[in-house]
Amino acid sequence: ERFAPFGPGNRRPVFGVRNITKIEGCNLIAKKHVIFQFKNLGHKIGLIGFNLGHHWNDLRTNPSVDLCFVLEKIRKKDKFKLNLTIKSMSFTPLYH
């Protein structure tokens, strides 16, 4: 919020994290979007990836994922929630 207002001349900061493991609850929505959670220090963190449904099977079968995401503050009723929206993801191939 300290960097707001966001728009064409001031884009939201994009964050990256590598090697996310312990992926849970991976679901495909409307055959286009993925939602899932991962655990970090005992907390479940939810993410959504719009138009990233083509990665759904990879999320279910790979042990880890690298992500780029933006943080968005969502208001639901009288409470605010932090939403992580995925911008891109990649998977490290498994070697046997």
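Here, the structure is the one placed above.
Report follows, based on the coordinates. None of the values given here were measured: they were computed from a predicted structure. (Residues numbered from 1 in each chain as written. Predicted model: local features only at pLDDT ≥ 70, side-chain atom pairs only at ≥ 80, totals over all residues. Heavy atoms only, no water.)

1. Comments concerning the overall build of the chain
A count of helical and extended segments in the chain gives one helix and six strands. Once the C-alpha set of the chain is aligned to its principal axes, its extents read approximately 50 × 30 × 30 Å. Across the 96 residues in the chain, those meeting the buried criterion constitute 27%. Distance from the positive charge centre (17 side chains) to the negative charge centre (6 side chains) of the chain: 3 Å. (Helix = DSSP H or I, 4+ residues; strand = E, 2+ residues; numbered from the N terminus. Buried < 20%, exposed > 50% of the residue type's maximum accessible area, 1.4 Å probe, protein only. Lys, Arg positive; Asp, Glu negative; His and termini not counted. Charge placed at Lys NZ, Arg CZ, Asp CG, Glu CD.)

2. Some points on the nonpolar core
Here is a general trend for soluble globular proteins: nonpolar side chains tend to be buried in one another's company. Core analysis: the largest hydrophobic core is formed by 15 residues, its most contacted members being Phe36, Leu47, Leu59, Val65, Leu67, Ile86 and Met89. Looking at this core, the elements with two or more residues in it are β3 (33-40), β5 (65-76) and β6 (79-90). Not counting the four nearest positions on each side in its chain, Leu59 is found in contact with Ile23, Cys26, Val34, Phe36, Val65, Met89 and Phe91. (Core = buried A, V, L, I, M, F, W, Y, C linked by side-chain atoms within 4.5 Å. Contact = heavy atoms within 4.5 Å.)

3. Side note on the pattern of salt bridges
Overall, the coordinates contain five salt bridges when judged by the stated rule. Between Glu72 and Arg12 there is a salt bridge whose closest N-O contact spans 4.0 Å. Of the two residues, Glu72 is situated in strand β5 and Arg12 in the segment before β1 (15-20); the sequence distance between them amounts to 60 residues. For Glu72, a relative accessible area of 23% translates into the label partly exposed. Among the salt bridges present, the one from Asp78 reaches Arg75, with a minimum N-O distance of 3.8 Å. Arg75 carries the same exposure label as Asp78, and that label is exposed. Counted as one network, the salt bridges with shared partners bring together Glu24, Lys39 and Lys44. (Salt bridge = Lys/Arg side-chain N within 4 Å of Asp/Glu carboxyl O.)

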